[in-house]
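# Report on the structure
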Amino acid sequence: MALWTKAQLLPNESVYFQQIKSIYGEHFPIEVRHYLAHFIEDKFWHEPLPTPDHPSYEAFIANVVDRFIQEIENKAESTNDAPEQFLIKLKLAEAAKMFRLRYSSNPTQLFHYIRQCLSTELKLVQSAGPIHPLPIPSNVSEILKLIDMVHNKTKALSHDINELEKAQVAFATQYNECTKVNAHLQQINKQAVDTVAQFISTKEYLESELNGQVANVIEIRVKIIEEFSIVIRITRQLQSLVIDEELTKWKREQQLAGNGFVFKNNVDEIQDWCESLADTLWANRMNIKEFERIRSKLALDSPSFADPVPGLDAEITELLSSLVTSTFIIDKQPPQVMKTHTRFTAGVRLLVGNKLNVYMSTPVVKVCIISETQANLLLKNEKSLPKTGDTAGEILNNNANMEIQGANKQLTVSFRNMQLKRIKRAEKKGTESVMDEKFSLLFKSQFAIGGGQMVYQVWTLSLPVVVIVHGNQEPHAWATVTWDNAFSESNRTPFQVPDKVPWSKVRETLSQKFKAATGRALSEDNLHFLADKLFRGNFMQSTTQAVSWGQFCKEPLPERTFTFWEWFYAIMKLTKEHLRGPWEDGAIMGFIKKGRAEELLQSCPVGTFLLRFSDSELGGITIAWISETREVLNLQPFTAKDFVMRSLADRIYDIHELITLYPDSAKEFYFEKYCTSLESTPSGRNGYVRPMLVTTVPKDGFNTPQHNSSFATPDLNRDTPSVASSYGGSVATSATGPGPSTSGMEYLEALDESSLTSMDINISDIIGYQ
């Protein structure tokens, strides 16, 4: 077991594990130790090191260190750009840069420092006592067992084929001896009776031996054919586990990751298994050819013999072809909501490309976009790939070569600058819209293996893509993608999804999606609220109650002009872009009815408030609080436009009536860390201090005068009154801090048009300044 593997098996709370963590720091980041564990232990620890007085000592160390830094750079480059991998990619790139700057002129220092770290790590692992390995998942355990089994049987087959060749050589030698004796017997005169008898005895002995050798050759041949059958059966079982189960599971989880599923990207592990399969299949293909070559030298089979070998050869070839075509995968999916004339990226990988030397021919991968109908036709007739003119659109920069990447030996290609220039739409039926239409990117290539013996045309389809031309189409497009990612099934007809699904599946999807976007999943109370809204107040608290596609994103909510998904998506976007910190901290209750919020606040002290997502305004959040008159007031909702000018925390601090966050937390506890420091306010031009916005609530509650349309106004359609907030310009009298402030309208009314001009300030500067 590798040293780093043993270190990882130590309990996290153990003193030994904590000491191992402390070994690594600025000079040798632990991320480098983890992601290059095999290389580090192999090159710095196990590889024999020349003695210091040897002429090659320094050159050896310099070479190891240089390769080490290159490995870090390669690993950083090959790490995908997913959000959860971004920091790792950054850490590795910084580590490589740091090693080059510090140790390029003195690689010996880094070499011995790393060896010292490994030595200390080994001592700590040994001090921790016996280590109990973690349990291996059953599928993985079965795969490893089958790989070992088929590897051993393939070696045994090679040995038996060699034995067959030896047996046939022995038979040929004996046969020649027997032929010589027979020829000699025919030439001997009858006068030498004793001599004739001796030769006859020799002949009988040789013929007896010859018969035994024939039986031995036939027995070895039968055994080899049986072993071929066993190897093929085990390989087929292994390939089914790797391709049909593990790779299919990986693809499904890759799709679910588009909805926020935590994706365990074990594609490197799957590649190891696929390479083992490729080794086995290719070795046995060569074994069969060698067996045929040896067998053809000695014809022992009767004319009526039904030779099973061609069938075995065909089975191995079929398994190899299936392996090659199945392991051409998209390891970096293109964006599922794709806007025309916008650049995007994607990545493709052939998991067996290195083992089968595919890279020697530098295969070219081409990309095109096809419609749902074309995808269906393609799956029905795999030989009929659409031609360039028959595709559903035009993609720029859609050709690239596959190349081997670094020491990991991955045959990949990255498309970094593709752009969808145009798209052809299908005719719409009924209530269909362009945001319901799904396309797919088709990646295709052609290459040969075995010196041109076998030529493959490989292709793979991306996850469904929705094409938009304007940003306002984005919410509905994401509804289509989210529904497809969550509820599609493996091996479906493209791109069919159920029209209805149980609420239990929908709630899981909404929570995953929200957590991925905002950092915190939805609570049971949140989900109950969403279910009640989704079912239009008819939620029966049953996880089997079905949600239809129409309820989800087609039919407007009661007394609203928008759908459930549009409302949910707008809140998710607002929270992601402007409220993430307070939401993660649990400061935003969010999903609660207006009436229920008022009930909760009625029994609270004056100044208690809570934050609630608006029912009536897309992407809005309101503040409800208990006033001095024991009345619950609701501030007109803030939207993303408001938070661009001033953050939620700053607005809460502006409103002095807000004291305690429901139920009993001082607002400082949750919001102080998100406030903008007044001292950090930048100075304006010509030495003036810039004004800043301040949110105020009118003292007379609801009788807010209606002024300039730039100010927020009460929503007259609400069942209970909402208070409109206004912005006041706070003008500083010195550069060190804010001066006395007045309400926004008082400040504006105090200025006439000429004074605004002379001060080089206009109304929009005061109202719109961030």
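Residues numbered from 1 in each chain as written. Predicted model: local features only at pLDDT ≥ 70, side-chain atom pairs only at ≥ 80, totals over all residues. Heavy atoms only, no water.

Under an unreviewed UniProt entry, the name given to the chain is Signal transducer and activator of transcription, and the source organism is Dendroctonus ponderosae. Quoted verbatim from the Subunit (unreviewed entry) heading of the UniProt record, the comment on the chain is "Forms a homodimer or a heterodimer with a related family member." One UniProt comment on the chain, placed under Sequence similarities (unreviewed entry), says "Belongs to the transcription factor STAT family." (UniProt positions renumbered as here; feature names shortened; annotations may be inferred.)

## A word on the overall build of the chain
Helix and strand counts for the chain stand at 24 helices and 21 strands. Every one of the 770 residues in the chain was classed for burial, and the buried ones make up 45%. Within the chain, residue pairs in contact and separated by at least 24 positions form 69% of the contacts whose partners lie at least 6 positions apart. For the chain, the exposed area adds up to about 39,700 Å²; of that, 51% sits on carbon and sulfur atoms. (Helix = DSSP H or I, 4+ residues; strand = E, 2+ residues; numbered from the N terminus. Buried < 20%, exposed > 50% of the residue type's maximum accessible area, 1.4 Å probe, protein only. Contact = heavy atoms within 4.5 Å. Areas by Shrake-Rupley, 256 points an atom, 1.4 Å probe, with all protein chains shown as cover.)

## Structural notes on the sheet that holds strand β10 (residues 454-461)
Strand order across the open sheet formed by four strands is β6-β4-β9-β10, with antiparallel pairing between neighbours. Looking at which strands have only one partner, the edges of the open sheet turn out to be β6 (399-401) and β10. Ignoring strand direction, the axes of neighbouring strands in this sheet form an average angle of 25 degrees. Sheet topology note: the strand β9 (residues 439-449)/β10 ladder contains eight bridges and is antiparallel. If you follow Q446 over to β10, its bridge partner there is Q457. Docked against the sheet, helix α12 (residues 372-380) engages β4 (364-371), β9 and β10, running at close to 120 degrees with respect to β4. (Pairing = 2+ DSSP bridges. Axes fitted to C-alpha atoms, helices over the stretch in contact; angles between N-to-C directions.)

## Concerning the packing of aromatic side chains
Under the criterion given, the structure shown has 36 aromatic pairs. Ring geometry for W250 and F263: centres 5.9 Å apart, planes at 50 degrees, overall tilted. You can see W250 sitting in helix α9 (residues 193-256) and its partner F263 sitting in the loop between α9 and α10 (267-296), a full 13 residues away along the chain. Geometrically, the ring pair formed by F669 and Y670 is edge-to-face, given 4.9 Å between the ring centres and 90 degrees between the ring planes. For Y670, a relative accessible area of 17% corresponds to the buried category. (Phe/Tyr/Trp six-rings, centres within 6.5 Å; stacked < 30°, edge-to-face > 60°.)

## A few points about the environment of L210
As for its position among the elements, L210 is in helix α9. Between the alpha carbons of L210 and Q174 there is a distance of 6.3 Å; along the sequence they are 36 residues apart. Every residue in contact with L210, bar those within four places of it in the chain, is listed here: F171, Q174 and Y175.

## Observations regarding a nonpolar patch on the surface
On the surface, a cluster of nonpolar side chains totalling about 310 Å² of accessible area is made up of F86, L87 and L90. Relative to the helices and strands, F86 resides in helix α6 (residues 83-103). (Patch = residues over 30% accessible without salt bridge, like charges linked within 9 Å, V, L, I, M, F, W, Y side chains within 5 Å. Salt bridge = Lys/Arg side-chain N within 4 Å of Asp/Glu carboxyl O.)

## What to know about the packing of helix α15 (residues 524-534) against helix α17 (residues 564-585)
For the pair α15 and α17, interaxial distance at closest approach is 12 Å and the crossing angle is 155 degrees. Considered as vectors, α15 and α17 are oriented roughly antiparallel to each other. α15 and α17 meet at a crossing whose hand is right-handed. Of the residues in α17, those in contact with N526, F529, L530, K533 and L534 of α15 are F564, W567, F568 and W583. Here the contact of α15 with α17 is built from residues that sort into seven nonpolar, one polar and one charged. (Parallel < 35°, antiparallel > 145°, perpendicular 65-115°, else oblique. Left-handed = near helix turned anticlockwise from the far one by under 90°. Nonpolar A, V, L, I, M, F, W, Y, C, P; charged D, E, K, R; others polar.)

## Concerning the pattern of salt bridges
Per the counting criterion, the structure on display carries 32 salt bridges. One salt bridge connects E318 with R236, and the closest N-O pair in it is separated by 3.3 Å. Linking E318 in helix α11 (residues 309-326) with R236 in helix α9, this pair joins segments that are 82 residues apart in sequence. Residue R236 is classed as partly exposed on the basis of its relative accessible area of 33%. Overlapping salt bridges, with partners in common, bring together R33, E41 and E121 in one network.

## Overview of the pairing of β4
Burial analysis of β4 places six of its eight residues in the buried class, which makes it a mostly covered element. Where β4 meets β6, three bridges bridge the pair, whose relative direction is antiparallel. Following the sheet pairing, V365 is matched in β6 by A400.

## A short note on the side chain of R651
Residue position: R651 is located in helix α20 (residues 648-654). It is D642 that comes nearest to the buried, bridge-free R651 among opposite-charge side chains, at 4.6 Å. Engagement of the side chain of R651 in a polar contact is seen with the backbone oxygen of D642, the distance being 2.6 Å. (Lys, Arg positive; Asp, Glu negative; His and termini not counted. Polar contact = N/O pair within 3.5 Å; in protein donor to acceptor, adjacent residues only side chain to side chain.)

## Regarding α17
Across its 22 residues, α17 extends only 26 Å between first and last C-alpha, which sits more than 12% below the 32 Å expected from 1.5 Å per residue. At L579, α17 is deflected by roughly 105 degrees, the largest bend along its length, and proline P582 occurs up to four residues later in sequence. (Expected span 1.5 Å × (residues − 1). Bend = angle between axes of the 7 residues up to and from the residue.)

## Quick notes on the pairing of β9
Burial analysis of β9 places nine of its 11 residues in the buried class, the great majority of the element. Where β4 and β9 come together, seven bridges link them in antiparallel fashion. Across the sheet, the residue bridging to V367 is F443, located in β9. Between β9 and β10, which pair antiparallel in sequence order, lie four residues; one of them, G450, sits at a positive phi of approximately 65 degrees.

## Regarding the nonpolar core
Counting residues in hydrophobic clusters, the biggest one holds 79 residues, and the most contacted among them are V242, L441 and F443. Top element by residues in this core is α9. It accounts for 15 residues. The contact partners of L441, leaving out residues within four places of it in the chain, are P334, M338, F344, V367, C368, I369, I395, T460, L461, S462 and V465. Listed in part, the 56 residues of the second largest apolar core include V501, I571, W583 and A649. (Core = buried A, V, L, I, M, F, W, Y, C linked by side-chain atoms within 4.5 Å.)

## What to know about the packing of helix α14 (residues 503-518) against α17
As a packed pair, α14 and α17 sit with axes 8 Å apart at the nearest point and diverge in direction by 40 degrees. Taken together, the axes of α14 and α17 lie oblique to each other. Read as a crossing pair, α14 and α17 show a hand that is right-handed. Residue-level contacts link L510, K513, F514, A516, A517 and T518 of α14 to F564, W565, F568, I571, M572, T575, K576, R580, W583 and E584 of α17.

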